[in-house]
There are 2 protein chains.
Amino acid sequence: MITALDHIAIAVPDLEKAIKRFMEDFGLNYNGREDVATAKTSTAFFPLPPTQIELVHPLNGEGPIAGYLEKRGGGLHHLCFRTDDIEADVARLKEKGYQFLSEQPSLGAHNCKVIFIHPKSCDGVLIELSQPMGEH
Amino acid sequence: MITALDHIAIAVPDLEKAIKRFMEDFGLNYNGREDVATAKTSTAFFPLPPTQIELVHPLNGEGPIAGYLEKRGGGLHHLCFRTDDIEADVARLKEKGYQFLSEQPSLGAHNCKVIFIHPKSCDGVLIELSQPMGEH
């Protein structure tokens, strides 16, 4: 089941500039960067416990975020719900007709199992499910 | 200063259907609807403490959400930071060159003073600042 809003992700055209904005202009704590090679994404996290803001930027100019930025320039990219049993939630939602961007969860940032629900299944919103490894 | 992620807002083309989705499919608690006449918006809230998901839909088919839905069909609409002193934050951000959608904060949902930063000041993200009335 879904237990929390894990994070909100914002696609940004200039990661360093956006990190500076959220630190200096909005006064948020900065928790460091992490490159997620499997998702071709550079990320930066700002904890607002128990949730967080995640900035996402293309790793080496490639991948899904590059396409998003090309089309929209930047903006709110996805929201992520934390779950305590990702396989059970995926099975339950597939049963209800939800489509996913991949067949199985894969390893995302912060050592979590993640999977994305197709935006067309959720009124245009890209929703990620995430379960910290070690749980369940 | 910014103290929390107050909420994430999702523009939805069918409010009743979306309420059902977030209650039944995602298992979130539903905290009821509120029409905000000044913003020409119908809202529905799902608390994920200390933040919440807000669904937004045009009130009587008019207003800014109607335009958004016409253009994009639905999707992540804005994020809202809670502040403990909205006037001070607006003044500080204006000093830094941020543009706002209105000159002054106005009354939003849940008896809060709210103001929106122009998306062009934040890489395409619409950011709301909100301060519960009675604070400060």
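Predicted model, so just to flag it, every value in this text is computed and none were measured. (Residues numbered from 1 in each chain as written. Chains lettered and ligands numbered in written order. Predicted model: local features only at pLDDT ≥ 70, side-chain atom pairs only at ≥ 80, totals over all residues. Heavy atoms only, no water.)

Draft legend 1. Structural view of the sheet that holds strand S2 (residues 33–36) of chain A. All names here are of chain A. The strand order across the open sheet built from 8 strands is S2-S3-S4-S1-S5-S8-S7-S6, with neighbouring strands paired in mixed fashion. The two strands at the open ends of the sheet, each matched to only one other strand, are S2 and strand S6 (106–107). Two elements, strand S7 (residues 112–117) and strand S8 (residues 127–132), share 6 bridges in a ladder whose sense is antiparallel. Bridge pairing in S8 places Phe-116 opposite Glu-128. (Pairing = 2+ DSSP bridges. Helix = DSSP H or I, 4+ residues; strand = E, 2+ residues; numbered from the N terminus.)

Draft legend 2. Spatial organisation of the relation of the copies chain B and chain A. Mapping chain B onto chain A leaves a residual RMSD of 0.0 Å; the transformation is a rotation of 180 degrees accompanied by 0.0 Å of translation along its axis. Here the symmetry operator amounts to a two-fold rotation axis. Of every C-alpha in chain B, the one belonging to Leu-76 of chain B sits nearest the axis of rotation, 3.1 Å from it. Interface overlap between copies: 100% of the residues of chain B at the interface are likewise at the interface in chain A, consistent with a symmetric, same-surface contact. (Least-squares fit on C-alpha atoms with pLDDT ≥ 70 in both. Contact = heavy atoms within 4.5 Å.)

Draft legend 3. Just the pairing of S2 of chain A, in detail. All names here are of chain A. Where S2 lies against strand S3 (residues 41–48), 4 bridges are found, and the strand directions are antiparallel. If you follow Val-36 over to S3, its bridge partner there is Thr-41. Linking two consecutive strands that pair antiparallel, namely S2 and S3, is a turn of 4 residues; a positive phi of about 50 degrees is found at Lys-40 within it.

Draft legend 4. Highlighting the pairing of S8 of chain A. Residue and element names in this part refer to chain A. In terms of residue burial, S8 counts as a mostly covered element, since 5 of its 6 residues are buried. Relative to S8, strand S5 (residues 75–83) runs parallel, the two being bridged by 4 bridges. Bridge pairing links Phe-81 to Leu-129 in S8. (Buried < 20%, exposed > 50% of the residue type's maximum accessible area, 1.4 Å probe, protein only.)

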